[in-house]
Amino acid sequence: MTDPLARLVSLEGVASAYAATRDGIDVMLRDRGLRKTTPEQTAESLLRGAHASAVLEGSASTLEEVRADGGDAIARDAVRVSTEVLGLVPVLRQSPLQAFARLHAVAALGTLTHAELGRPRSAKTAERLQFISGLLLAPTTAPALVVAAVVHAELATLAPFGSHNGIVARAAERLVLVARGVDEKSLTVPEAGHLTLRAEYESNLQGFASATQPGVHAWLLYAAEAYAKGAEASPVARLS
């Protein structure tokens, strides 16, 4: 059986970039592991991620507004997704399609009709979702961070649902990081990494959408940097 993700790691600079990023994440989490982390810190990471994801989706709400249970509709949608993400970890491991559908159903609640919630918008996108699901179910030697980056970009550029595709893609990315043991307590904030590098994020997603090797290569190198920024945004990153 071929490993479609393994060849991506052989692209110039990818293996070293992801090794360095993973080392940085591991050091931060291991250092914090010397102290007890709390559910409140995980909740804060999820909240920061929801806010960043909402802004990337077009929200104008501030983090303070979101923290106070306010914000615009997009922010509220993102927060709603953040409250369900961790509960979908076992679902992602066994049925990625079901996890993607649930993320969309939660995000788009009240925006689309019931029949549209969690449903691919076409047969073509449904087929591609099957492919993405297969990537997650198949054995791979690729680092978990690479898997997360590919799943994120695939979902974001495919836009398989009728709305909220960016929020779904970024939530799925966080799910992969938790499910594959990179960040089991979900303390890093990858969404904030993407927001910090917003111009690069958007341009490299366009490159990935081109389906060319240079475009995919550039996305992977970008994502390694974004994950490092996401670790810096963790609520435990600056604990003394």
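Our structure's up above, just so we're on the same page.
About the thresholds
Residues numbered from 1 in each chain as written. Predicted model: local features only at pLDDT ≥ 70, side-chain atom pairs only at ≥ 80, totals over all residues. Heavy atoms only, no water. Helix = DSSP H or I, 4+ residues; strand = E, 2+ residues; numbered from the N terminus. Rg over C-alpha atoms; globule rule 2.2 N^0.38 Å. Buried < 20%, exposed > 50% of the residue type's maximum accessible area, 1.4 Å probe, protein only. Areas by Shrake-Rupley, 256 points an atom, 1.4 Å probe, with all protein chains shown as cover. Lys, Arg positive; Asp, Glu negative; His and termini not counted. Charge placed at Lys NZ, Arg CZ, Asp CG, Glu CD. Axes fitted to C-alpha atoms, helices over the stretch in contact; angles between N-to-C directions. Parallel < 35°, antiparallel > 145°, perpendicular 65-115°, else oblique. Contact = heavy atoms within 4.5 Å. Nonpolar A, V, L, I, M, F, W, Y, C, P; charged D, E, K, R; others polar. Polar contact = N/O pair within 3.5 Å; in protein donor to acceptor, adjacent residues only side chain to side chain. Expected span 1.5 Å × (residues − 1). Arc of directions from axis to C-beta. Phe/Tyr/Trp six-rings, centres within 6.5 Å; stacked < 30°, edge-to-face > 60°.

A look at the overall build of the protein
Working step 1: Helix and strand counts for the protein stand at 13 helices and 0 strands.
Working step 2: Reading the secondary structure of the protein in the N-to-C direction produces α-α-α-α-α-α-α-α-α-α-α-α-α.
Working step 3: Radius of gyration (C-alpha) of the protein: 17 Å, near the 18 Å computed for a compact globule of 240 residues.
Working step 4: The principal-axis extents of the C-alpha atoms in the protein amount to approximately 45 × 45 × 35 Å.
Working step 5: Counting the 240 residues in the protein, one finds 50% classified as buried.
Working step 6: Here the protein has roughly 10,900 Å² of accessible surface; of this, 55% comes from carbon and sulfur atoms.
Working step 7: If the 23 positive side-chain charges of the protein are averaged to one point and the 25 negative ones to another, these points end up 3 Å apart.

Remarks on unusual backbone geometry
Working step 1: For Ser186, which is not glycine, the phi dihedral falls at a positive 55 degrees.
Working step 2: Secondary-structure assignment places Ser186 in the loop between α10 (165-179) and α11 (190-196).
Working step 3: Positive phi, close to 60 degrees, is recorded for Ala211, a residue that is not glycine.
Working step 4: Tracing the chain through its elements places Ala211 in the loop between α12 (198-209) and α13 (213-232).

Describing the packing of helix α8 (residues 123-137) against helix α9 (residues 144-158)
Working step 1: Close contact between α8 and α9 brings their axes to 11 Å; oriented N to C, the two are set at 175 degrees. Compared by their axis directions, α8 and α9 come out roughly antiparallel. Counting all contacts with α8, which are made through Thr125, Arg128, Leu129, Phe131, Ile132, Leu135 and Leu136, the residues of α9 involved are Val147, Val150, Val151, Glu154, Leu155 and Leu158.
Working step 2: Classifying every residue of the contact of α8 with α9 by side-chain character gives 10 nonpolar, 1 polar and 2 charged.

Regarding the side chain of Glu191
Working step 1: By the element assignment, Glu191 lies in helix α11.
Working step 2: Among the polar contacts made by the side chain of Glu191, one reaches the side chain of Arg174 at a distance of 2.9 Å.
Working step 3: In this structure Glu191 touches Gly49, Ala52, Ser53, Leu56, Arg170 and Arg174, once residues within four positions along its chain are discounted.

Describing α12
Working step 1: With 12 residues, α12 should cover 16 Å at 1.5 Å per step; its first-to-last C-alpha distance of 17 Å lies within 8% of that length.
Working step 2: Every buried residue of α12 is listed here: Tyr201, Asn204, Leu205 and Phe208. The buried residues of α12 all sit within an arc of 110 degrees when viewed along its axis, so they share a single face. Residues Ala199 and Gln206 are exposed on α12 and point more than 90 degrees away from its buried face.
Working step 3: Buried positions along α12 lie against α3 (39-56), α9, α10, α11 and α13.

A few points about the environment of Asp77
Working step 1: Mapped onto the secondary structure, Asp77 falls in helix α5 (residues 73-82).
Working step 2: Sequence separation between Asp77 and His164 is 87 residues, and the spatial gap between their C-alpha atoms is 8.7 Å.
Working step 3: The contacts of Asp77, once residues within four sequence positions are left out, are Ala107, Thr111 and His164.
Working step 4: Separated by 2.8 Å, the side chains of Asp77 and His164 make a polar contact.

A short note on the packing of aromatic side chains
Working step 1: Applying the stated criterion across every chain, the model contains 4 aromatic pairs.
Working step 2: Pairing Tyr201 with Trp219 gives two aromatic rings, centres 6.1 Å apart and planes at 50 degrees, and the pair type is tilted. Of this pair, Tyr201 sits in helix α12 while Trp219 sits in helix α13; the two residues are 18 residues apart in sequence, bridging distant segments of the chain.
Working step 3: For Tyr201, a relative accessible area of 3% puts it in the buried group.
Working step 4: Taken together, the aromatic side chains of Tyr201, Phe208, Trp219 and Tyr222 make up a single cluster linked through ring pairs.

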